[in-house]
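As a plain string of letters, each chain reads:
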Amino acid sequence: MSRIPLIAGNWKMHKTVEDAEDFVAAFLPLVQGLEGVELALCAPFTALGPLVDSTRGSKLQILAQNVHQAGSGAFTGEISAVMLLDLDVHGSVIGHSERRQFFGETDEALAEKLVTLLQSDLLPILCVGESDEQREAGETEAVLQRQVDAAIAPLTGEQLAKIVVAYEPIWAIGTGKVATTEQAQEACAFVRSRLAAKDAGAAEQVRVLYGGSVKPSNAGELLAQPDIDGALVGGASLEPTDLHGIAAAAVA
Ligand code: PGA
């Protein structure tokens with residue numbers, strides 16, 4: 001089964017609308033001739049509408065960084081899937097470790113968010129990953145198993161095949177400390193084995209991304225691993241040339 005690699009930039013809380021427009025004006029010409037890779041930007045809510053408009057007809061998909069699981073209601077400060085669809089947004093990252101750590105995102109809420117996104121035909125990128133202490137304690141697989149199993153529990157096999165999972169060891173996020181290719185491959189293969197425990201056919205279709213200090217200089221080796229189908233890129237996605245370098249490495 002050949003899976004088309006996905007390179008997704010995660011801007012986190014960076015870039016005004018003007019900054020975002022400047023980015024795509026520089027980035028789109030760089031990636032125009034790039035075939036065999038899917039490209040996405042996970043942007044702040046405020047930039048989503050303008051970005052969707054300025055990338056229409058291009059190969060760049062625009063995603064949010066979070067979505068609420070409910071259809072509507074008294075959830076001050078939250079954004080629903082319908083609101084994302086209203087802007088023609090393509091999907092959303094969910095369960096990023098920063099949201100788990102600072103905003104109390106739970107595995108149970110993520111299971112609901114996955115269902116909400118899939119029912120709305122939006123692409124979910126579910127993030128999972130262990131902390132430094134958990135890796136040191138030999139708990140990496142137990143943590144990944146708990147996070148993956150809980151999130152995908154309500155999905156049918158057909159729904160499972162449509163998700164993307166990003167393995168992001170917390171100790172490698174924004175630290176410049178990238179996982180070794182062996183560590184990244186091993187963890188991504190383990191994530192896939194958990195998907196396969198639910199539905200083997202679907203697991204072969206799911207893109208499993210690696211995230212954590214991915215740069216143009218280390219992307220090639222990571223992306224060459226059999227179970228790494230792309231990257232979720234934070235810091236290096238803020239510069240058009242860096243994100244292009246990573247995307248080019250995915251098809252090299
Ligand atoms: P980083 O962030 O590339 O800056 O390490 C990755 C992420 O948090 O998605």
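Just above sits the structure.
Structure report, in brief.

Overview of the environment of L223
Within the fold, L223 resides in helix α11 (residues 216-223). Classification of L223 by relative accessible area gives buried; the value is 15%. Through-space distance from the C-alpha of L223 to that of V251 is 8.9 Å; in sequence the pair is 28 residues apart.

Here's the deal with the packing of helix α1 (residues 17-31) against helix α12 (residues 240-251)
Packing of α1 against α12 brings their axes to within 9 Å, and their N-to-C directions diverge by 30°. In terms of orientation, α1 lies roughly parallel with respect to α12. Crossing angle aside, the handedness with which α1 passes α12 is right-handed. On α12, the residues that touch F23, A26, F27, L30 and V31 of α1 are P240, T241, L243 and H244. In terms of residue class, the contact of α1 with α12 is made up of seven nonpolar, two polar and no charged.

Considerations on the site of the ligand
Contacts to the ligand come from 13 residues, most closely from K12, H96, E168, G174 and S213. Here an oxygen atom of the ligand sits 2.7 Å away from a polar atom, N or O, in the side chain of H96. One of the backbone N or O atoms of S213 is found 2.7 Å from an oxygen atom in the ligand. Considering only residue class, the shell around the ligand consists of four nonpolar, seven polar and two charged.

A closer look at the nonpolar core
With 70 residues, the main nonpolar core has I7, I163, L195 and Y210 as its most contacted residues. For L195, the residues in contact, after removing those within four places along its chain, are V148, I152, L160, V165, A203, V206 and V208. In this structure, L63, A166, L209 and L232 belong to the second largest nonpolar core, which totals 13 residues.

A short note on the side chain of T181
Here T181 lies in helix α9 (residues 181-198). There is a polar contact of 3.4 Å between the side chain of T181 and the side chain of E182.

Looking at the sheet that holds strand β8 (residues 230-233)
Working definition: the strands of a sheet are paired by backbone hydrogen bonds and lie parallel or antiparallel to each other. The strand order around the closed barrel built from eight strands is β1-β2-β3-β4-β5-β6-β7-β8, with neighbouring strands paired in parallel fashion. Within the sheet, the average angular offset between the axes of one strand and its neighbour, ignoring direction, is 25°.

Comments concerning the environment of E105
For E105, the location among the structural elements is in the loop between α4 (97-103) and α5 (107-119). Classification of E105 as buried rests on a relative accessible area of 12%. If near-sequence neighbours (up to four positions away) are discounted, E105 is found in contact with N66, G95, R99, R100, L110 and K113. In terms of polar contacts, E105 uses its side chain to reach the side chain of K113, at 2.8 Å.

Conventions and cut-offs
- Think of each chain on its own: its residues are numbered from 1, step by step along the sequence as written.
- For this predicted model, a pLDDT threshold of at least 70 governs which residues receive local features, and a threshold of 80 or more governs which side-chain atom pairs are given and counted, while totals over whole chains, interfaces and linings are taken from all residues.
- With hydrogens and water excluded, all non-hydrogen atoms of the structure serve as input to the side-chain values.
- Segments assigned H or I by DSSP are reported as helices when at least four residues long, segments assigned E as strands when at least two residues long, and all are numbered from the N terminus.
- Throughout, exposure labels follow a simple rule: accessible area from a 1.4 Å probe, protein chains only, divided by the maximum for the residue type, with under 20% read as buried, over 50% as exposed, and the rest as partly exposed.
- Only C-alpha atoms enter the line fits that serve as axes; for helices the fit covers just the stretch in contact. Angles between N-to-C directions range over 0 to 180 degrees.
- Every angle not falling under 35 degrees, over 145, or within 65 to 115 is termed oblique; those three ranges are roughly parallel, roughly antiparallel and roughly perpendicular.
- Here is the rule for handedness: rotate from the far helix to the near one, and if that takes an anticlockwise turn smaller than a right angle the crossing is left-handed, while a clockwise turn gives right-handed.
- Two residues form a contact once any of their heavy atoms are found within 4.5 Å.
- Lys, Arg, Asp and Glu make up the charged group, whereas Ala, Val, Leu, Ile, Met, Phe, Trp, Tyr, Cys and Pro make up the nonpolar group; the residues left over, Gly among them, are polar.
- We call a residue near a molecule or strand when any one of its heavy atoms sits within 4 Å of it.
- Any N or O atom pair separated by 3.5 Å or less is treated as a polar contact, with the protein-specific requirement of one donor-capable and one acceptor-capable atom, and with residues adjacent in sequence counted only for side-chain atom pairs.
- Among the buried residues, those of types Ala, Val, Leu, Ile, Met, Phe, Trp, Tyr and Cys that are joined through side-chain atoms within 4.5 Å form a nonpolar core.
- One bridge is not enough; two strands pair if DSSP finds at least two bridges between them.

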